[in-house]
Every structure is written in structure tokens, then in C-alpha cells.
Amino acid sequence: MIDEAAIRLRWDAVGSQLDERGRRLFAAAEVRTAGRGVLAIVSKITGLARSTINRGKRDLDAQPLPKGQVRRAGGGRRPLRENDPGLVPALKRPGRARDAGAIPLRPLIWVSKSMEKLAATLTQMGHPISADSVRTELVKLGFSRQSNRKADERLETS
């Protein structure tokens, strides 16, 4: 006989407080200890899919992951720099010079533009990227966004 109340009590007390991997391992351990036919019940109590609990069973048999790591290595999206090798040189290249009348001004530096304008320009150049990713990549390159500040020009009277 499967004691659903005990499984629910353990889940409410401990299992629901765990991270993704911990919940998966908790549910897999419950299935292993309770025996045959309990997978559907544990799935219903925890809200985890059966495939997730089965993956947890495999995780119980596998080598433990390094501390703080929830998933095995190798998943996730590749870095933008890796997918688009021309992105970093395009970010380092200064923007085109803007002319004001007949006197050309100094060329704009990328960080003087907004991240949205930079993203639009880079996308037009063939490097599709979002404004948030532009910000992240510029920080990695050592750029920083700084606003102009007015100097305090008060005269001191003695």
C-alpha cells in the first residue's frame, strides 16, 4: 500500500523548498523507496513530469555534480562571441563620423550612443543583437556608460 499522505507531507516540508535538481532527486528517491506503481502518484503530488522524475533516477546513479551546479555541463546557448566572430571587432570599431554643416566633428564613439541605437546599427551591419546583449558585451570589453556631469563652478569668497 502506498502512503500518499506521507509522501505529500515530506514534499510539503522539504521537497518544495529545494532547487530544480533537488526536487528531481527528491521525487526520484520517493519513487525508488515506495516501489512499483508510485511514479504517477509522486508526479501528481510534486507537479513534476514523469520524464523529469525518470531523469532524477538516472541522476541518483550518476556522479554528483560540483557544488552549486544544478545541470550537467553542455546545455544552454553558445556565447554571442562564439556564434558571430565578427561581433567583437564590430563593437570595437567606432561609429561613422557625423557632419554638422561643413565642419566635420569628431567621430562618435559607440558608447556615446544608446544601447538600442547600437543594437539597431549592429543588426544593420549583419550582427543581430539585442540592446541588453550590447550592454553585456561592451562591459566585457571594458567600456562603461557614464553620463555628463556639470562641474560645480561656484566662486569661493574669502
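Residues numbered from 1 in each chain as written. Predicted model: local features only at pLDDT ≥ 70, side-chain atom pairs only at ≥ 80, totals over all residues. Heavy atoms only, no water.

S.K.: Could you clarify how one ought to interpret the overall build of the protein chain in this entry?
M.R.: On a plain count of helices and strands, the protein chain comes out with eight helices and two strands. Put simply, the protein chain runs from its N terminus to its C terminus through helices and strands in the order α-α-α-α-α-α-β-β-α-α. Going through the 158 residues of the protein chain one by one, you find that 27% of them count as buried. Intrachain contacts of the protein chain at a sequence separation of at least 6 include 53% that bridge at least 24 residues. By element, 51% of the accessible surface of the protein chain is carried by carbon and sulfur atoms, the whole surface being about 11900 Å². (Helix = DSSP H or I, 4+ residues; strand = E, 2+ residues; numbered from the N terminus. Buried < 20%, exposed > 50% of the residue type's maximum accessible area, 1.4 Å probe, protein only. Contact = heavy atoms within 4.5 Å. Areas by Shrake-Rupley, 256 points an atom, 1.4 Å probe, with all protein chains shown as cover.)

S.K.: Just checking my understanding: could you explain the side chain of Glu137 for this structure?
M.R.: Mapped onto the elements of the fold, Glu137 is located in helix α8 (residues 131-140). A relative accessible area of 4% means that Glu137 is categorised as buried. At a separation of 2.6 Å, a polar atom in the side chain of Glu137 contacts the side chain of Arg81. (Polar contact = N/O pair within 3.5 Å; in protein donor to acceptor, adjacent residues only side chain to side chain.)

S.K.: I keep staring at the packing of helix α7 (residues 115-124) against α8 and nothing clicks. Help me out?
M.R.: Angle between the axes and distance between the axes: these two values describe a pair of packed helices. Two elements in contact, α7 and α8, have axes separated by 8 Å at closest approach and are oriented at 95 degrees. With respect to α8, the element α7 is oriented roughly perpendicular. Contact residues: α7 offers Met115, Glu116, Leu118, Ala119 and Leu122, while α8 offers Ala131, Val134, Arg135 and Leu138. Looking at side-chain class alone, the contact of α7 with α8 contains seven nonpolar, no polar and two charged residues. (Axes fitted to C-alpha atoms, helices over the stretch in contact; angles between N-to-C directions. Parallel < 35°, antiparallel > 145°, perpendicular 65-115°, else oblique. Nonpolar A, V, L, I, M, F, W, Y, C, P; charged D, E, K, R; others polar.)

S.K.: Looking at this structure, I do not really get the pattern of salt bridges. What am I missing?
M.R.: Oppositely charged side chains are able to pair whenever their charged atoms sit close together. In this structure the tally under the stated criterion is eight salt bridges. A salt bridge links Asp59 to Arg21, with the nearest nitrogen and oxygen atoms 3.5 Å apart. Remark: Arg21 occurs in helix α2 (residues 20-34) and Asp59 occurs in helix α4 (residues 50-61); sequence separation between them is 38 residues. No difference in accessibility class separates Asp59 from Arg21, as the two residues are buried. Sharing partners across several salt bridges, the network here consists of Glu20, Arg21, Arg24 and Asp59. (Salt bridge = Lys/Arg side-chain N within 4 Å of Asp/Glu carboxyl O.)

S.K.: Please clarify how the environment of Glu4 should be interpreted in this entry.
M.R.: With respect to the helices, strands and loops of the structure, Glu4 is situated in helix α1 (residues 4-13). Overall, the relative accessible area of 32% leaves Glu4 in the partly exposed class. Separated by 41 residues in sequence, Glu4 and Ile45 have C-alpha atoms that sit 8.3 Å apart. In contact with Glu4, other than residues within four places in its own chain, are Ile41, Lys44 and Ile45.

S.K.: So what exactly am I meant to see when it comes to the nonpolar core here?
M.R.: Here is a general trend for soluble globular proteins: nonpolar side chains tend to be buried in one another's company. Residues Ile7, Trp11, Phe26, Ala27, Val31, Val38, Leu39, Ile41, Val42, Ile45, Leu48 and Ile53 constitute the largest nonpolar core, which totals twelve residues. Residue assignment for this core shows that the elements contributing at least two residues are α1, α2 and α3 (39-46). Tallying contributions element by element places α3 first for this core, with four residues. For Val38, the residues in contact, after removing those within four places along its chain, are Ile2, Ile7, Glu30 and Val31. Membership of the second largest hydrophobic core comes to eleven residues, among which are Ala90, Met115, Ala119 and Ile129. (Core = buried A, V, L, I, M, F, W, Y, C linked by side-chain atoms within 4.5 Å.)

S.K.: Even after reading the chapter, I still don't get the packing of α2 against α3, so can you show me in this structure?
M.R.: Axis separation between α2 and α3 bottoms out at 9 Å; the angle between their running directions is 150 degrees. Where α2 crosses over α3, the two elements pack in a sense that is right-handed. Here Ala27, Glu30 and Val31 of α2 come into contact with α3, specifically with Leu39, Val42 and Thr46. Residue composition of the contact of α2 with α3, grouped by class: four nonpolar, one polar and one charged. (Left-handed = near helix turned anticlockwise from the far one by under 90°.)

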